[in-house]
Amino acid sequence: MSNPDPSLLQKAIDLMQSSGAEYAEARYHSLKRTTILMINGVVMGVEVSAQSGIATRAIVNGGLGFSSATRITSEDVRDAALRAVSAAKTSSRGVRHGVQMGPGRLGNARYSVLERRKLEDTPLDSKISYLSEIYKVLELEKNGFKVSNTTVIYSETIEEKILLTSDGAFIESRVPRVAVMYNLAATYEDKRANRFGEVGASGGYELLDSFNLQKRISDDIESLYTALVKARSPPRGRMDVVLSPEIVGLMVHESAGHPSEADRVLGREAAQAGMSFRTTYKEDRIGSDAVTVVDDPTIPGSFGFYLYDDEGVAARERILYNHGMLAELLHNRETAAVYGVESNGAARAMDYKSEPIVRMANTYMKPGTYSFEELIEDIKQGIYMKKYMEWNIDDIRWGQRYVALEAYVIENGEIKDPVTNVALEVTTKQLYSSIDAVGKDLVFYAGLCGKGEPPQGVPVWMGGPHVRLRGVTIQ
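Described in the following lines is the structure provided in the data block. Not measured: the values here are computed from a predicted model. (Residues numbered from 1 in each chain as written. Predicted model: local features only at pLDDT ≥ 70, side-chain atom pairs only at ≥ 80, totals over all residues. Heavy atoms only, no water.)

**Examining the overall build of the chain**
Inference 1: The helix and strand tally for the chain stands at 10 helices and 23 strands.
Inference 2: A globule of 475 residues ought to have a C-alpha radius of gyration of about 23 Å, and the chain, at 24 Å, matches this closely.
Inference 3: Projecting the C-alpha coordinates of the chain onto the three principal axes gives extents of approximately 75 × 55 × 35 Å.
Inference 4: For the chain, buried positions account for 57% of its 475 residues.
Inference 5: Here the analysis covers contacts within the chain between residues at least 6 apart in sequence; of these, 74% occur between residues at least 24 apart.
Inference 6: On the chain, roughly 19500 Å² of surface is accessible, and the fraction owed to carbon and sulfur atoms is 48%.
Inference 7: In the chain, the 55 positive side-chain charges and the 63 negative ones have mean positions that sit 1 Å from each other. (Helix = DSSP H or I, 4+ residues; strand = E, 2+ residues; numbered from the N terminus. Rg over C-alpha atoms; globule rule 2.2 N^0.38 Å. Buried < 20%, exposed > 50% of the residue type's maximum accessible area, 1.4 Å probe, protein only. Contact = heavy atoms within 4.5 Å. Areas by Shrake-Rupley, 256 points an atom, 1.4 Å probe, with all protein chains shown as cover. Lys, Arg positive; Asp, Glu negative; His and termini not counted. Charge placed at Lys NZ, Arg CZ, Asp CG, Glu CD.)

**Comments concerning a nonpolar patch on the surface**
Inference 1: Nonpolar side chains collect at one region of the surface, where V43, V46, V48 and L124 lie side by side and expose about 300 Å² of accessible area between them.
Inference 2: Among the elements that line the nonpolar patch, the one with the most residues is strand β2 (residues 42-60), at three residues.
Inference 3: Here V48 shows up in strand β2. (Patch = residues over 30% accessible without salt bridge, like charges linked within 9 Å, V, L, I, M, F, W, Y side chains within 5 Å. Salt bridge = Lys/Arg side-chain N within 4 Å of Asp/Glu carboxyl O.)

**Brief notes about helix α5 (residues 213-230)**
Inference 1: With 18 residues, α5 extends 24 Å from end C-alpha to end C-alpha; this agrees with the ideal 26 Å at 1.5 Å per step.
Inference 2: If you check which residues of α5 are buried, you get L213, I217, D220, I221, S223, L224, Y225, T226, A227 and L228. (Expected span 1.5 Å × (residues − 1).)

**Here we look at the side chain of S260**
Inference 1: Looking at where S260 falls in the secondary structure, it is placed in the loop between α6 (245-257) and α7 (262-265).
Inference 2: Residue S260 is classed as buried on the basis of its relative accessible area of 0%.
Inference 3: Within the local environment of S260, its side chain forms a polar contact with the backbone oxygen of A256, the two atoms lying 2.6 Å apart.
Inference 4: Among all residues touching S260, those that are not within four sequence positions of it are R278, L320, Y321, E328, L329 and L330. (Polar contact = N/O pair within 3.5 Å; in protein donor to acceptor, adjacent residues only side chain to side chain.)

**Section: unusual backbone geometry**
Inference 1: Each neighbour pair has its own omega, and for E453 with P454 the value is 5°, a cis peptide bond.
Inference 2: For P454, the position within the fold is in the loop between β21 (443-451) and β22 (456-464).
Inference 3: Not every positive phi belongs to a glycine, and N143 is a case in point at roughly 55°.
Inference 4: Relative to the helices and strands, N143 resides in the loop between β5 (141-142) and β6 (145-165).
Inference 5: A residue is classified by how much of its surface remains accessible, and N143, at 60% relative accessible area, is exposed.
Inference 6: Phi angles above zero are rare outside glycine, and N412 is one such case at about 50°.
Inference 7: Among the secondary structure elements, N412 is positioned in the loop between β17 (399-411) and β18 (414-419).

**Quick notes on the packing of aromatic side chains**
What characterises a pair of aromatic rings is the spacing of the ring centres plus the angle enclosed by the ring planes.
Inference 1: This model, assessed by the stated rule, comprises 10 aromatic pairs.
Inference 2: Taken together, a centroid distance of 5.6 Å and an interplanar angle of 90° make the contact between F277 and Y281 edge-to-face. Side by side, F277 and Y281 carry an identical accessibility label, which is buried.
Inference 3: With a centroid separation of 5.1 Å and 80° between ring planes, the pair formed by Y364 and F444 is classed as edge-to-face. With Y364 in strand β15 (residues 362-365) and F444 in strand β21, the pair connects residues that are 80 residues apart, well separated along the chain.
Inference 4: Ring-pair connections join several aromatic residues into one group, and the members of that group are Y111, F305 and Y308.
Inference 5: When the ring centre of Y225 is taken as origin, the NZ or CZ atom of K142, which lies over that ring, is 4.2 Å away. (Phe/Tyr/Trp six-rings, centres within 6.5 Å; stacked < 30°, edge-to-face > 60°. Lys NZ or Arg CZ within 6 Å of the ring centre and 35° of its normal.)

**Re the pairing of strand β9 (residues 237-243)**
Inference 1: Summarising burial for β9: five of the seven residues are buried, a large majority.
Inference 2: Summarising the sheet, β9 and strand β23 (residues 467-474) pair through six bridges and their orientation is antiparallel. Bridging from a neighbouring strand, V241 pairs with L469 of β23.
Inference 3: Where β9 meets strand β16 (residues 381-393), four bridges bridge the pair, whose relative direction is parallel. Bridge pairing in β16 links D240 to G382. (Pairing = 2+ DSSP bridges.)

**What about helix α2 (residues 74-92)?**
Inference 1: Here α2 contains 19 residues, and its C-alpha end-to-end distance of 27 Å stays within 8% of the 27 Å for a straight helix at 1.5 Å per residue.
Inference 2: For α2, the set of buried residues is D76, V77, A80, A81, A84, V85, A88 and S92.

**Things to note about the environment of G463**
Inference 1: Counting through the fold element by element, G463 comes out in strand β22.
Inference 2: Assessed through its relative accessible area of 0%, G463 is described here as buried.
Inference 3: Between the C-alpha atom of G463 and that of P245, which follows or precedes it by 218 residues, the distance is 6.0 Å.
Inference 4: Excluding anything up to four places from it in sequence, G463 contacts P245, V248, G249, V252, T363, Y364, M365, L442, V443 and F444.

**Structural notes on the packing of helix α1 (residues 6-18) against α2**
Inference 1: Packing of α1 against α2 leaves a shortest axis separation of 9 Å and a crossing angle of 35°. For the pair α1 and α2, the crossing hand works out as right-handed. Judged by residue contacts, L8, A12, L15 and M16 of α1 engage S74, V77, R78, A81, L82, A84 and V85 from α2.
Inference 2: Within the contact of α1 with α2, the residues separate by chemical class into nine nonpolar, one polar and one charged. (Axes fitted to C-alpha atoms, helices over the stretch in contact; angles between N-to-C directions. Left-handed = near helix turned anticlockwise from the far one by under 90°. Nonpolar A, V, L, I, M, F, W, Y, C, P; charged D, E, K, R; others polar.)

**As for the pairing of β22**
Inference 1: The buried count for β22 comes to eight of nine residues, which makes it a mostly enclosed element.
Inference 2: Here β15 runs beside β22; their pairing, made up of three bridges, is parallel. Paired with Y364 across the bridge in β22 is G463.
Inference 3: Note: β21 against β22, nine bridges, orientation antiparallel. Note that in β22 the partner of G450 across the bridge is G457.
Inference 4: Linkage of β21 to β22, two consecutive antiparallel strands, is achieved through a turn of four residues, within which G452 is found at a positive phi near 90°.

In structure tokens form, the structure reads like this:
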């Protein structure tokens, strides 16, 4: 099915305005997906699907209304526009503080991510063969150790949008993405462990070569072997710790990105995704001068890539923690109006049935100047946490715990024996304040970030360099 003529969306906006809307928005949103599920080397399912529709939003007397239509006919789009206005009028009756759309750098642009090898032109058999060949060469058993289950999911998505707003935004975009997720379950004697991994980026089928998936999965099997067969219990107590980019990426996503979402800070996600410590935190400083955390949707090839958000605002780098100081929040136009600032382009919707809400894109800690060797050289006794197997964080993103699957003792500046079940439990302030040195490397990891009610999952990157923490407690 071809994309609709933008004039159809303009008619919806005209209708909403003539029906009383002081703001109107119409978005065409299409998702074409191919998913392959392979378990233990056997293809268990293939799904090729497409969904598309129109989303409409209107503001009437401070009330915000949303509606959508699956069929893209003039009648269905007209009905969706009128339903959005009707919902806005109804909600305006009980609103104490009316919704407004704050300022933002609205765009008039078309953009697309280039594919050197188009996803739609690559036969399905080639994608299945790619996964099968990887499975064949994996070493799944040795010395009593066994990977008892491997689940691999290949996922490609082509996302196309056309967005018009009543105040002049026009954005047409096309972003193809490829991702591979896998889960490994391993046993040794009476011990068990799991390892989940995911790679993803925007682009075409050529991305599979860059994923280096065979080596990645083989490395994770070796990590499981190390954790189950070789590792011992870690030393406990207060010591220096070096975290890998994988753990730093998870850390900044959960304890810098989520609490910096303005709708969380305002309490509007309290019943869904949770709240933020930034609502009541009275200090300006959250970490050491070495810590700068940003979110940037404009990184070429990233999994969370976009140039304009779903309200038509130009994307840019957002500095969340700036040399240890709390900095800007992530805003859509609604929260920007509340704070009296310009939107920084963080509104994203999962599909045409979803409203745009405040989301992260690619969140990471800025690299420093240290090599890995320099980070560990003066540590007399410490821990290097390389890969995690579980984590949790509280509702306001303050108290958190990370448990390593693969970790090593650091003794007199050298990496020594492997240890496992290493747990780091800290508050957000303790975590960022204890960082005294930041590596010069930078690695990103893909993920699907969930938020909202009904839940919306959007692709993101999270990453960072190696970092050194001084004097934290290992449990």
